[in-house]
Amino acid sequence: MQSKKNILIYFPSIENGGMEKNLFNLFNYLAKKKEFNLFLACNHINFKFKKNISDKIHLIQYKPKKKLFLNRYLISIYSFFFFIKKLKSSFLPNNTIIFSVQNSIISVILSKILGFKIIIRNGNHPWSALKYSDNLIFSLISFFIRFFIYNFADKIVCNSEESKKFFSNFILKKSKLFTIKNSIVLKQKNASKKKNFILSAGRLTKQKDFVTLLKAFKIFKEKNRNYKLLILGEGKEKKSLTELAKSLNIHKSVKFKGFVKKPLPFFSNAKMYICSSLYEGLPSTLIEALSVGTPIISTNCQSGPSEILCNGKFGYLFDVRDHNALAHLMNHVVKNYQEAIKKILKGRKTLYQYQVKNVSVKYINEINKLL
């Protein structure tokens, strides 16, 4: 009888965001398969998210004991040696594969020392992440080191065709690259009666650029006084965004809801959903809005929104940081709501490609090719 194949998920820091939700839809599905044993190698798990992880996924966790090690770079170095020792004594190279979703430079080196095959999953578009980084010099150095090291991976997953095209400029062996869309647990339903609020969701960080959304909402409110803006998510920019809302005199109509355990009713009831990001991978929030028939406006950022919205056939796109263009589209959707509904209903016909089962089959095929 053939022994089970081991999948080591290398995911150092597990927060409570859309990326984690998307990936554990996949991992929980794979954990049900009899041919696989799944192990999760990590340093940190957000306590709110931990219950979303299947009990069939075995945990291998490095826990820093001293405050000195709370620096994430030090944690990465110390956990690297911890995982070498732990994995070398417990797993055989011929039936073990590393599935890396974070710190892929470290995980590739780890895989070569241990003799394991490795699949890297890339999330955000690398060039845009570099372009909008806070420390350009450090990010540029990291950028080139990353692509040098990535050439030693066995497979590289991109979640959009645009990202795959970009990677092909740096990866010597093109056959390593392939595209697999994000997966979500679809709860497709007929659109409910929409209420007069606009929804956005994501970590309150620079990447999501809620500053542009707030500026656009200020203009939109001049003609649509009975609308509110709801923002789901947590993050370090909450204070500055709250202060901006006050300075724009829209704070009474803007609600920062924080972490929401069951966000689907918000998506279902919203008049429209807005993504204002500077860059993305393949944002699952757009797919969720699509599944419940809520009209979508998104930045045409690299790399996923235009693919989800079929270059504007299923929603509306505007240029990054153009709050005037966003405000114009918000007004347009309100005035031409049936047009917006028709767009989103066309898009709902494409949802099959994001179903967990269909996405998982693609990953299983690639894993079996390596083991």
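Nothing here was measured: the structure is a model prediction, and the numbers come from that model.

Engineer: Help me understand the pairing of strand β6 (residues 96–100) in this model?
Structural biologist: Remember that side chains alternate between the two faces of the sheet whenever the strand is regular. In terms of burial, β6 is a largely internal element, 5 of the 5 residues being buried. Where burial is concerned, the two faces of β6 agree: the one with T96, I98 and S100 and the one with I97 and F99 are both buried. Bridging between strand β1 (residues 5–10) and β6 involves 5 bridges; their strand directions are parallel. Bridged to Y10 within β6 is S100. Bridge count between β6 and strand β7 (residues 117–122): 4 bridges; the pairing is parallel. Bridged to F99 within β7 is I119. For the crossover that starts at β6, traverses helix α4 (residues 104–114) and ends in the parallel β7, the hand is right-handed.

Engineer: How do you make sense of the sheet that holds strand β10 (residues 197–201) when you look at a structure like this?
Structural biologist: One key point about sheets: their strands pair by backbone hydrogen bonds, in either a parallel or an antiparallel sense. Ordered by their spatial adjacency, 6 strands build an open sheet running β12-β11-β10-β13-β14-β15, and the pairing between neighbours is parallel. Sheet topology places β12 (254–258) and β15 (316–318) at the edges, where each strand pairs with a single neighbour. Across the sheet, the mean angle separating the axes of adjacent strands is 20° when strand polarity is ignored. Here strand β14 (residues 296–299) runs beside β15; their pairing, made up of 3 bridges, is parallel. Bridge pairing links T299 to F318 in β15. Helix-sheet contacts for helix α8 (residues 210–221) involve β10, β11 (228–232), β12, β13 (272–275) and β15, and the interaxial angle to β11 is about 165°.

Engineer: Quick question: what am I supposed to make of the pattern of salt bridges here?
Structural biologist: Should the charged atoms of two oppositely charged side chains come close, the side chains can pair. One pass over the structure, following the stated rule, counts 9 salt bridges. A salt bridge links K155 to E366, with the nearest nitrogen and oxygen atoms 3.0 Å apart. Of this pair, K155 sits in strand β8 (residues 155–158) while E366 sits in helix α15 (residues 356–370), placing them 211 residues apart in sequence. Taking the relative accessible area as the measure of exposure, E366 reaches 11% and is therefore buried.

Engineer: Can you help me understand the packing of aromatic side chains in this one?
Structural biologist: Two measures describe an aromatic ring pair: the distance that separates the ring centres and the angle between the ring planes. With the rule as written, the count across this model stands at 26 aromatic pairs. On the basis of an interplanar angle of 90° and a centroid distance of 5.2 Å, the ring pair of F143 and F144 is categorised as edge-to-face. Arranged with centres 6.1 Å apart and planes meeting at 65°, the rings of F147 and F166 form a pair that is edge-to-face. Of the two residues, F147 sits in helix α6 (residues 136–150) while F166 sits in helix α7 (residues 161–167), which places them 19 residues apart along the sequence.

Engineer: I would appreciate a short explanation of α15 in the present structure.
Structural biologist: Spacing of three or four residues puts side chains on the same side of an α-helix, whose turn is 3.6 residues. The end-to-end C-alpha separation of α15 is 21 Å, in line with the 21 Å expected for 15 residues at 1.5 Å each. By the burial criterion, the buried members of α15 are V356, V359, S360, Y363, I364, E366, I367 and L370. In a view along the axis of α15, the buried residues occupy a sector of 170°, so they form one face of it. Along α15, exposed side chains directed more than 90 degrees from the buried face belong to K357 and K369.

Engineer: Honestly, the sheet that holds β7 in this entry has me stumped. Any pointers?
Structural biologist: Judged by pairing direction, the sheet is parallel, and its 7 strands sit side by side in the order β5-β3-β1-β6-β7-β8-β9 without closing on themselves. With one partner strand each, in any of the chains shown, β5 (57–61) and β9 (177–179) form the two edges of the open sheet. Going across the sheet, the axis of each strand differs from the next one's by a mean of 25°, ignoring polarity. The pairing of β7 with β8 spans 4 bridges and is classified as parallel. Paired with I119 across the two strands is K155, which belongs to β8. Contacts from helix α1 (residues 18–31) reach β1, β3 (36–42), β5, β6 and β7 within the one sheet, and its direction differs from that of β3 by about 150°.

Conventions used here
Residues numbered from 1 in each chain as written. Predicted model: local features only at pLDDT ≥ 70, side-chain atom pairs only at ≥ 80, totals over all residues. Heavy atoms only, no water. Buried < 20%, exposed > 50% of the residue type's maximum accessible area, 1.4 Å probe, protein only. Helix = DSSP H or I, 4+ residues; strand = E, 2+ residues; numbered from the N terminus. Pairing = 2+ DSSP bridges. Right-handed = clockwise from strand over helix to strand, strands pointing away. Axes fitted to C-alpha atoms, helices over the stretch in contact; angles between N-to-C directions. Contact = heavy atoms within 4.5 Å. Salt bridge = Lys/Arg side-chain N within 4 Å of Asp/Glu carboxyl O. Phe/Tyr/Trp six-rings, centres within 6.5 Å; stacked < 30°, edge-to-face > 60°. Expected span 1.5 Å × (residues − 1). Arc of directions from axis to C-beta.

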